Amino acid sequence: MKNIIISSLLTLFVLIDASFAQGKNLSLEESKELAFRNNYSAKNSRLEIEASRQVKKSVFTNFFPGISAGGAAFRANENMMEIKTEGGNLPVYDGNPINLFTPTQFAYLPGSTMGLLKKGTFGAVNAVQPVFMGGRIYNGYKLAGVGEEVSELK
């Protein structure tokens, strides 16, 4: 009994699904339009035309300056480089040329340590304007336009 109910329900669902699938009759023009829209070569042609348009757009951007920016920051726990100077007596020139090589006066210089590169920041902005490149940008743009026409004619 259970199998009969299940099989009858399945048959009913299949018939209902098949009846909804045949909902509309197509005219000749609608059939041609659907065939053209779903044709793979026609789809590939449309995609080639769109690709050539995008290439032309990307070549057009070469007429404008290229701008780029970047930056970096760092912070270390300890100094990355340390410079140590020892203390001592520093000879002082008193203005007399005779005492130039045998100084008589000295100044005391205490020892010290100087640390470098513990923290820092860096930033840069670059702008490159193509001034003249022998007509490469202009001719590239013209060739991209020709490529677009060729793909449309294909």
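Scroll up to find the structure.
In short, a report on the structure. Along each chain, the written sequence defines residue order, and numbers are assigned to residues from 1. Note on the predicted model: pLDDT of at least 70 is required for a residue's local features to be given, and 80 or more for side-chain atom pairs to be given and counted; whole-chain, interface and lining totals, by contrast, use all residues. Neither water nor hydrogens contribute to the side-chain values; these are computed over all heavy atoms in the structure.

1. Focus: the pattern of salt bridges
Phase 1: We count a salt bridge whenever a side-chain nitrogen from Lys or Arg sits within 4 Å of a carboxyl oxygen from Asp or Glu. Inspection of the entire model under this criterion finds 2 salt bridges.
Phase 2: Notably, a salt bridge pairs Arg53 with Glu148, separated by 3.2 Å at the nearest N-O pair. Here the residue Arg53 occupies a position in helix H3 (residues 40–60), and Glu148 occupies one in helix H4 (residues 136–153), the gap between them amounting to 95 residues.
Phase 3: Residue classification places Arg53 among the partly exposed residues on the basis of a relative accessible area of 35%.
Phase 4: Accessible area is worked out with a 1.4 Å probe on protein chains only. A residue is then buried under 20% of its type maximum, exposed over 50%, and partly exposed in between. Judged by relative accessible area, Glu148 falls into the buried class, the value being 14%.
Phase 5: Between Glu148 and Lys56 there is a salt bridge, with its nearest N and O atoms 3.7 Å apart. Taken together, the residues span a long stretch of sequence, with Glu148 in helix H4 and Lys56 in helix H3 at a distance of 92 residues.
Phase 6: In this structure Lys56 comes out as partly exposed when scored by relative accessible area, which is 24%.
Phase 7: Among the ionic contacts, a cluster of salt bridges with common partners joins Arg53, Lys56 and Glu148. Strands here mean DSSP runs of E at least two residues long; helices mean DSSP runs of H or I at least four residues long; both are numbered from the N terminus.

2. Side note on H4
Phase 1: The terminal C-alpha atoms of H4, which comprises 18 residues, lie 25 Å apart, in line with the 26 Å expected from a rise of 1.5 Å per residue.
Phase 2: All of the buried residues along H4 are Ile137, Ala144, Gly145, Glu148 and Ser151. In an axial view of H4, the angular spread of the buried residues amounts to 125 degrees, which keeps them on one side of the axis. Facing away from the buried surface of H4 by more than 90 degrees, the exposed residues are Arg136, Leu143, Glu149 and Leu153.
Phase 3: Of the surrounding secondary structure, the elements contacted by the buried residues of H4 are H3. Expected helix span is computed as 1.5 Å times (number of residues minus one). The arc under discussion is defined with respect to the helix axis, by the directions toward the C-beta atoms. For this analysis, residues touch if any pair of their heavy atoms sits within 4.5 Å.

3. Re the environment of Phe64
Phase 1: Position of Phe64 relative to the elements: it lies in the loop between H3 and strand S1 (66–75).
Phase 2: Remark: the alpha-carbon pair of Phe64 and Gln129, spanning 65 residues in sequence, is separated by 6.8 Å.
Phase 3: The residues contacting Phe64, other than those within four sequence positions of it, are Gln129 and Pro130.

4. Details of unusual backbone geometry
Phase 1: With a phi angle near 60 degrees, Leu117 is a residue other than glycine that sits in the positive phi range.
Phase 2: Judged by its relative accessible area of 45%, Leu117 falls in the partly exposed class.

5. Concerning H3
Phase 1: In this model H3 runs 30 Å from its N-terminal to its C-terminal C-alpha over 21 residues, within 8% of the 30 Å that 1.5 Å per residue would give.
Phase 2: Where H3 is concerned, the buried positions are Ala42, Ile49, Ser52 and Val59. With its buried residues spanning 110 degrees around the axis, H3 presents them on a single face. With respect to the buried face of H3, the exposed residues turned more than 90 degrees away are Tyr40, Leu47 and Lys57.

By themselves these figures say nothing about function.
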